[in-house]
Structure formats: C-alpha cells, structure tokens
Amino acid sequence: METIYFKETPCHTFGTLPLVGDEAPCFHLTGADLSQVTCNDYKGRRVVLNIFPSLDTEVCARSVRRFNEEAAALDNTTVICVSMDLPFAMSRFCTIEGIKNVTFASAFNSPLFGQKYGVLLCDGPLAGLLARAVVVLDEDRKVIYRQLVNEITDEPDYDAALRVLKGEE
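Conventions we followed
Residues numbered from 1 in each chain as written. Predicted model: local features only at pLDDT ≥ 70, side-chain atom pairs only at ≥ 80, totals over all residues. Heavy atoms only, no water. Pairing = 2+ DSSP bridges. Helix = DSSP H or I, 4+ residues; strand = E, 2+ residues; numbered from the N terminus. Axes fitted to C-alpha atoms, helices over the stretch in contact; angles between N-to-C directions. Contact = heavy atoms within 4.5 Å. Core = buried A, V, L, I, M, F, W, Y, C linked by side-chain atoms within 4.5 Å. Buried < 20%, exposed > 50% of the residue type's maximum accessible area, 1.4 Å probe, protein only.

Colleague: Just to check I follow, could you spell out the sheet that holds strand S3 (residues 28–31) for this structure?
Modeller: As a general point, the strands of a sheet are linked pairwise by backbone hydrogen bonds and lie either parallel or antiparallel. With respect to topology, 7 strands assemble into an open sheet ordered S4-S3-S7-S6-S5-S9-S10, the strand pairing being mixed. Only two strands of the sheet have a single neighbouring strand rather than two, namely strand S4 (36–38) and strand S10 (143–148). Averaged over neighbouring strand pairs, the angle between their axes works out to 30° when direction is ignored. In terms of strand pairing, strand S5 (residues 46–51) meets strand S9 (residues 133–137) through 5 bridges, oriented antiparallel. Its bridge partner lying in S9, Ile51 is registered against Ala133. Contacts between helix H4 (residues 158–165) and the sheet are confined to S5, strand S6 (77–83), S9 and S10, with S10 contributing the most and set at about 175° to the helix.

This is the structure in structure tokens:
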C-alpha cells in the first residue's frame, strides 16, 4: 500500500508500483476501439505506461498531450495511456484532440491491472480510479523507470522519464 494525496487528502493504493529492475506484470486492457491491448502486443518494444485517473481532468489530458508529442517520437517506444475511462470516451478524446501517437487502454474491465501495478485507489474521493503514475518498461518488460505521483493533481516528471528513454540516466 502506498500513500498519495488528492488535494492534500491522504489516499491509499492497493499494492505498490513495481520496482526498477522488476519484470512488470503482464497487462490485459481494452483499447479505444474495444480491441484487447496486452503486454504481448509490445514484445521487443519499450513501453511507457502513462497511468492516470481520467481524461476528463486537465492534468490527465495534459499528460496525454505531452507524451503524444515527446515520448511517442522516440524510436522503438510505445506510449500506452491507461485509465478507467470507457473506451468510447478515449476514442472521443483522441478525435477531438487529434491524438495519433499514443495508444489508449482502459482498465475498466481489468481490475487486476490496478492491483498488480499498485495504482488502484482504495479510498479517498477517487476510490476505484487509478492513481497518477508513469512506468517505463524496456524491451524485455523490465521496469527501467517508475514514478507514483505524490499529489494526484500534479503532473508527472516527464523529463525524468524521457531521460531514461533516451539513455541519459
């Protein structure tokens, strides 16, 4: 269990974020087009899991836009934006925002994702949604970067994740 905050109110997660060096749990999520999005789809690629509560908040939308612009342009790297939003909302957001460089994946039908990755909020005002986190996996699904954002209303440290992806750390 991790303690994070939503507008200074303590919240707790179910489990803990995988550690750097760990093999990340396999995931089974639902794409914006209702297709399956699984870890096996990205074998041999680096994956950025941009995890957040909902696209309907400005901070979450900014994180998608930022990763769409920066990390998605890196070689052999896929950015997967994960939330509990329904696939229909994800598809609508992509269309309205012109997002083309990231993959959207909903955990609405995959409760084990939030538990295995330690991001399922189990109390507080956003209980049942996912905490804000970034997990970067290498080509062998090993965690090479992790950040569980302490205050849910803050943006993740994009620069730190990008430095790891560029091999600068």
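Colleague: So what exactly am I meant to see when it comes to the nonpolar core here?
Modeller: Generally speaking, a soluble globular protein has its nonpolar side chains buried in company with each other. Counting residues in hydrophobic clusters, the biggest one holds 32 residues, and the most contacted among them are Phe27, Leu49, Val82, Phe113 and Val119. At the level of elements, strand S1 (3–6), S5, S6, strand S8 (120–121), S9 and S10 are the ones that each hand at least two residues to this core. Once you skip the residues sitting within four places of it in the chain, Phe113 turns out to touch Phe27, Leu29, Ile51, Val82, Ala107, Val119 and Leu130. Of all hydrophobic cores here, the second largest spans 23 residues; its members include Ala61, Val64, Phe67 and Val79.

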